[in-house]
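# Structural overview for review
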Amino acid sequence: MNVTLAIARREWASLFRLPVGWVTVALFLMLCGSVFALAVLNPGMAASQRAFFGAAGWLLLPVVPAISMRLFSEELRSGTIEPLITSPVREGSIVLGKYLGAAAMLACMLAPTLLYSLVLWRVSARPPELGPLMAGYLSLLLPGLFYLSLGTKCSAFTANQTLAFLATLFILLLLLLGSALLPNLAPLTWRPTLAYLSFDARIQDFAKGVIDPRHAVYFVGASIPPLLLAGVALRARRLA
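## Let's talk about the pattern of salt bridges
- Taken as a whole and assessed by the stated rule, the structure comprises 6 salt bridges.
- Between Glu75 and Arg10 there is a salt bridge, with the nearest N and O atoms lying 3.3 Å from each other. Placement of Glu75 in helix H4 (residues 73–78) and of Arg10 in helix H1 (residues 2–17) is noted, with a sequence separation of 65 residues between them.
- We classify Glu75 as buried; its relative accessible area is 6%.
- In this structure, Arg77 engages Glu74 in a salt bridge whose closest nitrogen and oxygen atoms are separated by 2.7 Å.

## Considerations on H1
- For H1, with 16 residues, the first-to-last C-alpha span of 23 Å sits near the 22 Å given by 1.5 Å per residue.
- Where H1 is concerned, the buried positions are Thr4, Ile7, Ala8, Glu11, Ser14, Leu15 and Phe16.
- The inward-facing, buried residues of H1 contact helix H2 (19–40), helix H3 (50–68) and helix H6 (91–110).

## Concerning the packing of aromatic side chains
- Scanning the entire structure with this criterion turns up 8 aromatic pairs.
- Centre to centre, the rings of Phe16 and Trp22 are 5.1 Å apart; their planes meet at 65°, and the pair counts as edge-to-face.
- For the pair Phe53 and Tyr137, a centre-to-centre distance of 5.1 Å together with 80° between the ring planes defines the contact as edge-to-face. Of this pair, Phe53 sits in helix H3 while Tyr137 sits in helix H8 (residues 130–156), and the two are 84 residues apart along the sequence. Tyr137 matches Phe53 in its accessibility class, with the two residues each being buried.
- Chaining the aromatic ring pairs together yields one cluster made of Phe36, Phe52, Phe53, Tyr116 and Tyr137.
- Between Lys98 and the ring centre of Phe72, over which it is positioned, the NZ or CZ distance is 5.4 Å.

What counts and how
- Residues numbered from 1 in each chain as written.
- Predicted model: local features only at pLDDT ≥ 70, side-chain atom pairs only at ≥ 80, totals over all residues.
- Heavy atoms only, no water.
- Salt bridge = Lys/Arg side-chain N within 4 Å of Asp/Glu carboxyl O.
- Helix = DSSP H or I, 4+ residues; strand = E, 2+ residues; numbered from the N terminus.
- Buried < 20%, exposed > 50% of the residue type's maximum accessible area, 1.4 Å probe, protein only.
- Expected span 1.5 Å × (residues − 1).
- Contact = heavy atoms within 4.5 Å.
- Phe/Tyr/Trp six-rings, centres within 6.5 Å; stacked < 30°, edge-to-face > 60°.
- Lys NZ or Arg CZ within 6 Å of the ring centre and 35° of its normal.

This is the structure in structure tokens:
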């Protein structure tokens with residue numbers, strides 16, 4: 001566990017040592033701040049951040065691949081992956097450490113947006129309810145962690161950061177569009193199963209203020225297979 005945390009700290013610090021980390025965070029916060037100012041801070045409207053959570057959820061689609069694209073791709077390109085995979089550290093510890101470092105970066109990116117809630121709480125005649133706020137942030141954090149697991153897997157399979165970014169973004173768009181459209185287009189016998197597997201509906205539930213533990217279990221469980229595949233990719237490189 002100490003090795004995993006050491007890798008996580010190293011990865012988190014490296015993301016802030018590069019301009020791409022700061023630029024990604026700055027652009028995300030700038031766009032989120034614009035949405036908050038234009039769509040949430042409206043006099044006479046109910047104190048709700050639902051519009052912000054909806055827009056921020058879509059903004060995570062390009063932002064998360066930008067965070068995860070270099071996790072393994074940069075090390076594969078520069079050759080620094082060799083000392084790592086030849087060290088007496090298990091593949092699972094390496095993958096989990098890098099994933100946790102990227103997850104910490106995601107948390108640092110979302111943390112400043114808590115100020116929006118404080119502003120809304122301050123200026124609203126009727127403060128927003130705490131439950132919908134918590135559910136809204138879960139609608140960003142839990143899917144974001146799932147997106148990171150996919151990005152980690154894509155990064156482990158290629159030394160090209162651009163390819164890792166595009167592959168992650170393409171997979172996410174396919175999953176979102178598929179989970180939103182297939183339950184309505186599939187035969188009637190398949191619709192209940194596809195609706196259950198859809199994560200678009202679960203994101204919408206969180207955004208509406210519905211906190212269902214089953215949704216959290218779903219996203220956590222969905223994040224495991226991509227991380228296992230990343231470990232398989234590292235194992236294959238170690239044995240090659």
